[in-house]
Amino acid sequence: PINAQGMSIDGNIWILGVGNEISRYYKGRYQETLHITISPVLRNAISLKTSAELPHLYVLEPGEKRLVVLDKSGMLLQQYRNPTFAIARDFVVDGQTIYLFDGAKLYQISLF
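Residues numbered from 1 in each chain as written. Predicted model: local features only at pLDDT ≥ 70, side-chain atom pairs only at ≥ 80, totals over all residues. Heavy atoms only, no water.

**Student:** Mind showing me how you'd approach the overall build of the protein chain here?
**Tutor:** Counting secondary structure elements, the protein chain contains zero helices and eleven strands. Overall, the protein chain shows an N-to-C arrangement of helices and strands of β-β-β-β-β-β-β-β-β-β-β. Relative to the globule expectation of 13 Å for 112 residues, the C-alpha radius of gyration of the protein chain, 13 Å, shows essentially globular dimensions. Summarising its shape, the C-alpha atoms of the protein chain cover approximately 40 × 25 × 25 Å along the three principal directions. Across the protein chain, contacts joining residues at least 24 apart in sequence account for 33% of those joining residues at least 6 apart. Working note: accessible area of the protein chain is about 6200 Å², and carbon and sulfur atoms make up 51% of it. Put simply, the protein chain has 11 plus and 10 minus side-chain charges, and the middle of one group is 3 Å from the middle of the other. (Helix = DSSP H or I, 4+ residues; strand = E, 2+ residues; numbered from the N terminus. Rg over C-alpha atoms; globule rule 2.2 N^0.38 Å. Contact = heavy atoms within 4.5 Å. Areas by Shrake-Rupley, 256 points an atom, 1.4 Å probe, with all protein chains shown as cover. Lys, Arg positive; Asp, Glu negative; His and termini not counted. Charge placed at Lys NZ, Arg CZ, Asp CG, Glu CD.)

Structure (structure tokens):
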């Protein structure tokens, strides 16, 4: 995809496109595009995370001050919102905990 914002691999290759789309590839072949329907609309996500050990897709969108958790079919499970997410640049998912890095501070979020 053109203008990809992020990529993550769990056996599939997941590509975060501009806007509200996440494309899935397997063994180099296109499989599907997930059109994410959430409010507010996903517009400026900068990072996508998943792995074979993680059951979900995690998307960081600092412009909306949120981290979005989706199932791997694109259904919204949870949105975590916080004003400090506006300066977030990266995150790691470790089991049931997300560690969010804003450049100066590290935040810990317990999932579900």
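**Student:** What is the right way to look at the nonpolar core in this model?
**Tutor:** Side chains of a nonpolar character, in soluble globular proteins, are inclined to be buried together. Counting 14 residues, the largest nonpolar core has Tyr58, Leu67, Tyr80, Phe91, Val93, Ile98 and Leu111 as its most contacted members. For this core, the secondary structure elements donating two or more residues are β6 (56-61), β7 (66-71), β9 (90-94) and β10 (97-101). Among all residues touching Leu67, those that are not within four sequence positions of it are Val59, Leu60, Gln78, Gln79, Tyr80, Phe85, Phe91 and Ile98. (Core = buried A, V, L, I, M, F, W, Y, C linked by side-chain atoms within 4.5 Å. Buried < 20%, exposed > 50% of the residue type's maximum accessible area, 1.4 Å probe, protein only.)

**Student:** What is the right way to read the sheet that holds strand β1 (residues 6-9) from this model?
**Tutor:** The pairing of strands in a sheet happens through backbone hydrogen bonds and is either parallel or antiparallel. The four strands lie next to each other as β1-β2-β3-β4, forming an open sheet whose pairing is antiparallel. Edge positions in the open sheet fall to β1 and β4 (29-35), since each of these has one partner strand only. Within the sheet, the average angular offset between the axes of one strand and its neighbour, ignoring direction, is 20 degrees. Pairing of strand β2 (residues 13-16) with strand β3 (residues 21-26), which is carried by four bridges, proceeds in the antiparallel orientation. Note on β3: the bridge partner recorded for Ile13 is Tyr25. (Pairing = 2+ DSSP bridges. Axes fitted to C-alpha atoms, helices over the stretch in contact; angles between N-to-C directions.)

**Student:** How do you make sense of the side chain of His56 when you look at a structure like this?
**Tutor:** In this structure, His56 sits in strand β6. Classification of His56 by relative accessible area gives buried; the value is 16%. Beyond its immediate sequence surroundings of up to four residues, His56 is in contact with Lys49, Thr50, Val69, Leu70, Asp71, Lys72, Leu77 and Phe112.

**Student:** Looking at this structure, I do not really get the packing of aromatic side chains. What am I missing?
**Tutor:** Here the distance between the centres and the angle between the planes together describe a pair of aromatic rings. Scanning the model with the defined rule gives one aromatic pair in all. For the pair Tyr25 and Tyr30, a centre-to-centre distance of 5.6 Å together with 75 degrees between the ring planes defines the contact as edge-to-face. Residue class for Tyr25 comes out buried when judged on its relative accessible area of 19%. Exposure remark for Tyr30: the relative accessible area of 45% places this residue in the partly exposed category. For the cation-ring pair, Lys49 lies above Phe91, with the distance from its terminal atom to the ring centre recorded as 5.5 Å. (Phe/Tyr/Trp six-rings, centres within 6.5 Å; stacked < 30°, edge-to-face > 60°. Lys NZ or Arg CZ within 6 Å of the ring centre and 35° of its normal.)

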